[in-house]
Amino acid sequence: MGEPGVVLDLREYISNLDRSSLPRILQVCSGVYFQGSVYELSGSEVCLSTGDLVKVTGLELLSICCEDISTNTTFELPLEHSGLFKLVPEDLPYSTIEEVVGLQPVGVDACGSFTFISRNELIIDNFTVPAGKEITLLSVEVTEDGERCARCQLMGQQGASADMLIPFSYHGEFYECENDRGYSLQEIMMSDRLCRRRFRKIKSKKCGGPLLFAPIYQIQGIMHMRKNIVKFPSSLEVDVIDVTEQSKDLTFVTPLSMAEVVTQPKTAFPTMAEILEGPEANRFFCCSWFKELQKGKHLVLHKWDNTAMVLACTPRGRKAQQYFLISHGYGGQMRRRPREFSSVYELYVAFSRCPGLKVSVTRHCEAVEEEGVPALSVGELLEVLKLQTVEVSGGDLGPAQKLESLICKRIIEEDEDDDEEDENQEESEEICLPLFTEAHFVEKLSDKKKYCLTGIAKNFSLPLEVKVVSRDKVLEKDPLVGLTAVVLEEALEETTVLASLPDSPEQCFALPTRWLQMSLCFTSDPLPWAEGQTPELHLETVTEVTDHFYHEYHRLTQTDMAPPPRPPKRKPSSSEPQKTRGKPKARANKKSSTLPEKLDNLSLDHTKPALSKRSPPPPPPLESAEEPPPVIPRKSVSENLTTPNTYVQTPRKQQKKQHHTERTSSGSDHDYETVDDVIQVHDSIMFY
């Protein structure tokens, strides 16, 4: 581990770091910006700038960097590499046994594999070891008088062996011997002594130079104002200084999202918090507390909980709709209002949620016998009984069909002039309303009782229309009072954080974590009340939301509901004439066949000058007319074509008035017809 205040390369510092000393605080001396693929960084993007502080909390071995000393090249090996490596003996001598033991693997690391020789003869307790004799280091022991010794083994003739203790203080000139013991990468990296040694590959075709192994770790730590734990490799070209001792009192601020706030233990509340990033845009809320959620503002976080709410809105009408989230703790009183239904299917949906439904007809409905639809009159009272499949005679629809119908009972008001038997017979009359019937009803209510919100949610199914008749006294201003009606649409449960402002800690509001994109951090600031004197909290139970919130909520929670049934397709009766596209053309051909022969031979060349002055054709005859319209008798066309008019010019602007005069005054000196008249009559017959 590097000395405090000494600048070290990040790889060198991490390689020599004692894991038992974690966490350590490092300061970046020369920063880099490293942005690679998610695979290179394990999904993290790292930006280390000069002066940044990193609190290293953990290390994880990623791979091994190998350096070939002879060629000065480096490459990486995965941890799963199956090859074995053997130690390369050091050329420099060791001067004492203590130095041999301190720099070489002993015990589990060595497993009897470290062997050395002495250039000089050794005499230990009347036992002489000749120079050049191989000595194997086994372990380290402490004698009764406290002296540390190395237990070594000497191999004699015919496989005999002898153990002896050599004191650490024994001086000499010792050299390491080469052996064929192989080590895996895992064994090398797990030993602090082996990972500093040089190795050579075993069973390699190319001998190659000695190798130095350097571990590459994934560093885990936290940084100031970083939301998540940062992860980056130790191979980054960064110089660092260990500033752990100077930064003992440093607090690393960790931003928390609203979703992360509710993961904190409940014992962490109440607490003070500072908003680091406020909501970017107000898309969901129309309440007063939203404008307080700005960067740098402080909040008192009392607790978090799952809050039962009701999504409500005002009825559709001339005024713009309003939307609310109402907590079950709302203290106002409300009465039910009659619901309106525009179809039998809507009536069935309401009946399925709340049986015993009684309605009054608000619009006349004509009977359709072929579809099984009965006649309904305004003011009729109906009691919905059940849903049943009814067989309806086909009529024009063909064979009999089975229709899903709502069985209702007509409720007839009692009349003193009627007999009791007639009354019983009338009251038991049942009708079948097919679900596809378009009819209009209003709910018949006899309940004038006042309810709280929890009482309505418990006794009735939603949606339900109510009228708030008394305000919630806890609220300074109840937005529900004064509204004509409020539709309680759906019950929901939201995870909320109960918060308040420091200057009024007792006035609380609920922050729905799912709908607020903001970050904050816990601070060590004192709570704004005396210790042990927690104020009584008053919750703002009504939160006004936007239409965007309303539609977004329904988009996220919508379920696939079956569409309402459609009425059966009516087949055309045999008595009705079948309409075809060719019919108008055939009729025109039929009519054109009755034209005079001379008019039929008339070409467009003779009428070209009059085309631009053509008057609009008369209205078409009724569809039921089978005969063509009568042809107006006129004089011979050939005269007008062969004898041009030499008396007057063809009228243009006053064409309509003169045309009427010429047609009605048969005794005129100039009794003739223009080509325009001929064409107009021709158009009325051919192109009606």
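Residues numbered from 1 in each chain as written. Predicted model: local features only at pLDDT ≥ 70, side-chain atom pairs only at ≥ 80, totals over all residues. Heavy atoms only, no water.

### Considerations on the overall build of the protein
Within the protein, the secondary structure is distributed over 14 helices and 37 strands. Within the span of the protein, comprising 688 residues, buried residues form 37% of the whole. Within the protein, residue pairs in contact and separated by at least 24 positions form 68% of the contacts whose partners lie at least 6 positions apart. Here the protein displays about 41700 Å² of accessible surface, and carbon together with sulfur accounts for 49% of that area. (Helix = DSSP H or I, 4+ residues; strand = E, 2+ residues; numbered from the N terminus. Buried < 20%, exposed > 50% of the residue type's maximum accessible area, 1.4 Å probe, protein only. Contact = heavy atoms within 4.5 Å. Areas by Shrake-Rupley, 256 points an atom, 1.4 Å probe, with all protein chains shown as cover.)

### So, the pattern of salt bridges
The final tally for this structure, using the stated rule, is 17 salt bridges. One salt bridge in this structure joins R337 and E465, with 3.1 Å as the shortest N-O distance. Here the residue R337 occupies a position in the loop between β25 (333–336) and β26 (340–341), and E465 occupies one in strand β32 (residues 464–470), the gap between them amounting to 128 residues. The partner of R555 in a salt bridge is E552, and the shortest N-O contact between them spans 2.6 Å. With R555 and E552 both in helix α9 (residues 547–557) and three residues apart, the pair spans about one turn of that helix. (Salt bridge = Lys/Arg side-chain N within 4 Å of Asp/Glu carboxyl O.)

### What about the nonpolar core?
For soluble globular proteins, nonpolar side chains are generally found buried alongside one another. Within the largest apolar cluster, 36 residues are counted, with the highest numbers of intra-cluster contacts made by F285, W289, L293, L301, V497, L511 and L516. Elements with a contribution of two residues or more to this core: α5 (258–261), β22 (271–277), β23 (298–313), β24 (323–327), β33 (486–501), β34 (504–512) and α9. With six residues, the single largest contributor to this core is β23. Excluding residues within four positions of it along the chain, L516 makes contact with M258, P279, F285, F290, L293 and L511. V359, V384, L435 and F436 belong to the second largest nonpolar core, which has 25 residues in total. (Core = buried A, V, L, I, M, F, W, Y, C linked by side-chain atoms within 4.5 Å.)

### As for the sheet that holds strand β13 (residues 148–155)
One open sheet accounts for six strands, arranged β8-β15-β9-β12-β13-β14; its pairing is antiparallel. Of all strands in the sheet, those bounded by a partner on one side alone are β8 (94–96) and β14 (161–167). Each strand axis lies, on average, 45° off the axis of its neighbour in the sheet, ignoring direction. Both β13 and β14 contribute to a ladder of seven bridges, which runs antiparallel. Each residue of the ladder has a partner; that of A150, found in β14, is I166. (Pairing = 2+ DSSP bridges. Axes fitted to C-alpha atoms, helices over the stretch in contact; angles between N-to-C directions.)

### Regarding α9
Given 3.6 residues to a turn, an α-helix orients residues that are three or four positions apart in the same direction. Along α9, the residues classified as buried are F549, Y550, E552 and Y553. Packing partners of the buried residues in α9 comprise β23, β24, β33 and β37 (542–545).

### Observations regarding the packing of aromatic side chains
In total, this model carries 16 aromatic pairs according to the counting rule given. The interplanar angle of 80° and the centroid separation of 5.9 Å between the aromatic rings of F269 and F522 together place this pair among those described as edge-to-face. In this pair, F269 sits in the loop between α5 and β22 while F522 sits in strand β35 (residues 519–523), placing the two residues 253 residues apart along the sequence. Residue F522 is classed as partly exposed on the basis of its relative accessible area of 28%. An aromatic cluster of three or more residues is present, and its members are F284, F285, W289, F290, F509, W515 and F549. Directly above the aromatic system of Y183 lies the positively charged group of R181, at a separation of 4.5 Å from the ring centroid. It is K266 that lies over the ring of W304; its NZ or CZ is 4.6 Å from the centre. (Phe/Tyr/Trp six-rings, centres within 6.5 Å; stacked < 30°, edge-to-face > 60°. Lys NZ or Arg CZ within 6 Å of the ring centre and 35° of its normal.)

### Focus on the confidence of the model for the protein
Per-residue confidence for the protein averages 78 on the pLDDT scale, and 72% of its residues sit at or above 70. Per-residue pLDDT stays below 50 along residues 636–641; that stretch engages in five contacts with residues further than four places along the chain or on separate chains. Taken together, the stretch residues 655–670 has pLDDT below 50 and engages in eleven contacts with residues farther than four places along the chain or on a different chain. (pLDDT = per-residue confidence, 0-100.)

### Regarding the sheet that holds strand β30 (residues 430–434)
Pairing is antiparallel across the open sheet formed by six strands, whose spatial order is β26-β31-β27-β28-β29-β30. Only two strands of the sheet have a single partner each, and these edge strands are β26 and β30. Of the pairings in the sheet, the one linking strand β28 (residues 381–392) to strand β29 (residues 401–411) comprises eleven bridges and is antiparallel in character. By the bridge assignment for β29, V384 is matched with C408.

### Some points on the side chain of S184
When you line up the elements, S184 lands in the loop between β16 (182–183) and α4 (185–190). Sequence-distant contacts of S184, that is, excluding residues within four places in its chain, are made with G83 and L84.

### Notes on unusual backbone geometry
Residue P23 follows L22 across a cis peptide bond; omega there is 0°. Position of P23 relative to the elements: it lies in the loop between α1 (10–15) and β2 (24–30). Non-glycine residue N72 carries a positive phi angle of around 60°. Mapped onto the elements, N72 comes out in the loop between β5 (53–68) and β6 (73–77).

### Some remarks on the pairing of β35
Taken residue by residue, a regular strand's side chains alternate between the two faces of the sheet. Within β35, four of the five residues are buried, which leaves the element mostly enclosed by the surrounding structure. Pairing of strand β21 (residues 256–257) with β35 involves two bridges; the strand directions are antiparallel. Paired with S257 across the strands is S519, a residue of β35. In this sheet, β35 lies alongside β22 in antiparallel orientation, the contact comprising five bridges. Pairing of E274 across the sheet is with C521, part of β35.

### Some points on empty space enclosed by the protein
All chains considered together, the criterion is met by four cavities of 30 Å³ or more. Approximately 50 Å³ is the volume attributed to the second largest cavity. In this structure, the second largest cavity is lined by L10, L26, V28, L48, V54, V56, I219, F232, V238 and V240. Taken together, the residues of the lining of the second largest cavity sort by class into ten nonpolar, no polar and no charged. (1 Å grid on protein atoms, 1.4 Å probe; cavity = no way out; pocket = protein on both sides within 12 Å on 5 of 7 lines; lining within 4 Å. Points joined across faces, edges and corners; volume = space filled by probe spheres on them. Nonpolar A, V, L, I, M, F, W, Y, C, P; charged D, E, K, R; others polar.)

### Quick word on helix α6 (residues 344–353)
Taken together, the buried positions of α6 are V344, Y345, L347, A350 and F351. Against β26, β27 (358–361), β28, β29, β30 and β31 (441–443) lie the buried residues of α6.

### Let's talk about the side chain of E552
Side-chain polar atoms of E552 contact the side chain of R555, separated by 2.6 Å. When residues no more than four places from it in sequence are discounted, the contact partners of E552 are F284 and W515. (Polar contact = N/O pair within 3.5 Å; in protein donor to acceptor, adjacent residues only side chain to side chain.)

### Overview of the state of the cysteines
Scanning all chains against the criterion turns up zero disulfides. Left unpaired, C65 is separated from the closest cysteine sulfur, that of C66, by 6.8 Å. (Disulfide = S-S within 2.5 Å.)

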